[in-house]
Amino acid sequence: AVSILGSPKWNIEELSPEKNIGKFSKIHLLSVNAGKDEVVPAIYTRNFHIQLGRYFPDYDDRFSYVEYSNSGHFMNDKDWKLCWSRTKIWFEKHLSDV
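Numbers given to residues run from 1 along each chain, matching the order in which its sequence is written. In view of the model being predicted, local features appear only for residues whose pLDDT reaches at least 70, and side-chain atom pairs are presented and counted only at 80 or more, with totals across whole chains, interfaces and linings using the full set of residues. Side-chain calculation: all heavy atoms of the structure are included, whereas hydrogens and water are not.

## Some details on the packing of aromatic side chains
Okay, step 1: Only centres within 6.5 Å qualify two rings of Phe, Tyr or Trp (six-membered ring in Trp) as a pair; their planes then separate them into stacked at under 30 degrees, edge-to-face at over 60, and tilted for everything else. Tallying each qualifying case throughout the model produces five aromatic pairs.
Okay, step 2: Considering the side-chain rings of phenylalanine 24 and phenylalanine 48, the 5.3 Å spacing of their centres and the 70 degrees angle between planes classify their relative orientation as edge-to-face. Separated by 24 residues along the polypeptide, phenylalanine 24 in the loop between β1 (2-4) and β2 (29-34) and phenylalanine 48 in helix α1 (residues 42-55) bring together distant segments of the chain. Across the pair, exposure class does not vary: phenylalanine 24 and phenylalanine 48 are buried alike.
Okay, step 3: Here tyrosine 55 and phenylalanine 56 contribute two aromatic rings whose centre-to-centre distance is 4.8 Å and whose plane-to-plane angle is 70 degrees, an arrangement assigned as edge-to-face.
Okay, step 4: When its relative accessible area of 47% is taken as the criterion, tyrosine 55 is described as partly exposed.
Okay, step 5: For phenylalanine 56, a relative accessible area of 8% translates into the label buried.
Okay, step 6: Linked through ring pairs, Tyr55, Phe56, Tyr59 and Phe63 together constitute an aromatic cluster.
Okay, step 7: Positioned above the aromatic ring of phenylalanine 56 is the side chain of arginine 62, whose terminal nitrogen or guanidinium carbon lies 4.9 Å from the ring centre. Secondary structure is summarised from DSSP: a helix means a run of H or I of at least four residues, a strand means a run of E of at least two, and numbering begins at the N terminus for each. Summary of the burial criterion: residues with accessible area below 20% of their type's maximum are buried, those above 50% are exposed, and those between are partly exposed, where the area comes from a 1.4 Å probe applied to protein chains only. Charge-over-ring placement is defined geometrically: NZ (Lys) or CZ (Arg) within 6 Å of the ring centre, and within 35 degrees of the ring normal.

Take a look at the structure:
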């Protein structure tokens, strides 16, 4: 899975990914956020990946967090292209694991 400019913090807390971390036991997740995002603050996803790292010993094999520190919600062109390049590489690597 890939989350682009998403957040694990939802209005219905009991359904939030951050409250259901155990459900990620078979998931390979790349999360991409923008450091200056004024709509979806990156801090929630950044903290979620810290939680994932503490919960799953194989974090480095199945999870990745990328934050483009110079982009807002409407990412700059360079970061947007890098985001989609990383997404393609992620799927090529992890879909072969399924």
